[in-house]
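Inside the fold
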Amino acid sequence: MIAAIYINPWLLAFIIIAVAVFLYFVVIWVIRAHQRKVEAGKEDLIGRKAVVRTALNPKGMVFVEDELWNAEIDNGTAEPEEEVIITKVDGLKLTVTKK
């Protein structure tokens, strides 16, 4: 003999609504993650400010995001503690310009 299974319709409706709400928030989260700007890699460094650590004449060191980088100034010189703007990244060397 086959036993009849009874499922409460309110429980079924609650489960369907809960899953739909969960999926809605997951889709919103995924869409927002895809729309965010890249926050890593050399693309992120271009346009940022750096602080000169050793004089740039034309080569020296700059401090960016808690890291020391080799840098070369594209025009003129820069003294320690001056702020410069990163214009190009070539491997582990930054090209900077005066602010």
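Everything below is about the structure shown above.
In short, a report on the structure. (Residues numbered from 1 in each chain as written. Predicted model: local features only at pLDDT ≥ 70, side-chain atom pairs only at ≥ 80, totals over all residues. Heavy atoms only, no water.)

**Focus: the sheet that holds strand E1 (residues 49–54)**
Convention followed: By this definition, two strands are paired if DSSP reports at least two bridges between them. In this description a helix means any DSSP run of H or I spanning at least four residues, a strand means any run of E spanning at least two, and both kinds are numbered starting from the N terminus. Simply put, an axis is a line fit to the C-alpha atoms, just over the touching stretch for a helix, and the angle between two N-to-C directions goes from 0 to 180 degrees.
In space, the five strands of this closed barrel follow the order E1-E2-E3-E5-E4, with mixed pairing throughout. Direction aside, neighbouring strands of the sheet carry axes that sit 55 degrees apart on average. As defined by bridge partners, E1 adjoins strand E2 (residues 59–64) across three bridges and the pair is classed as antiparallel. Residue pairing for E2: Val51 is matched across the bridge by Phe63.

**Regarding the packing of aromatic side chains**
Heads up, the rule is: For Phe, Tyr and Trp, where Trp contributes only its six-membered ring, two rings pair if their centres lie within 6.5 Å, and the inter-plane angle classes them as stacked under 30 degrees, edge-to-face over 60, or tilted in between. Throughout, exposure labels follow a simple rule: accessible area from a 1.4 Å probe, protein chains only, divided by the maximum for the residue type, with under 20% read as buried, over 50% as exposed, and the rest as partly exposed. Any Lys NZ or Arg CZ that is within 6 Å of a ring centre and within 35 degrees of that ring's normal is treated as a charge sitting over the ring.
Scanning the model with the defined rule gives one aromatic pair in all. Between Tyr24 and Phe25, the aromatic rings sit 5.4 Å apart at their centres with planes inclined by 75 degrees, giving edge-to-face as the arrangement. Each member of the pair Tyr24 and Phe25 is classed as exposed. Directly above the ring of Phe63 sits Arg53, whose terminal nitrogen or CZ lies 4.3 Å from the centroid.

**Overview of unusual backbone geometry**
Omega for the peptide link from Asn57 to Pro58 comes to -10 degrees, which places this bond in the cis form. Its place among the elements puts Pro58 in the loop between E1 and E2. Positive phi is not limited to glycine here, since Glu65 has a value of about 50 degrees. The topology assignment puts Glu65 in the loop between E2 and strand E3 (67–73). Positive phi outside glycine occurs at Asp66, with the angle close to 65 degrees. In this structure, Asp66 sits in the loop between E2 and E3. Given the relative accessible area of 68%, Asp66 is considered exposed.

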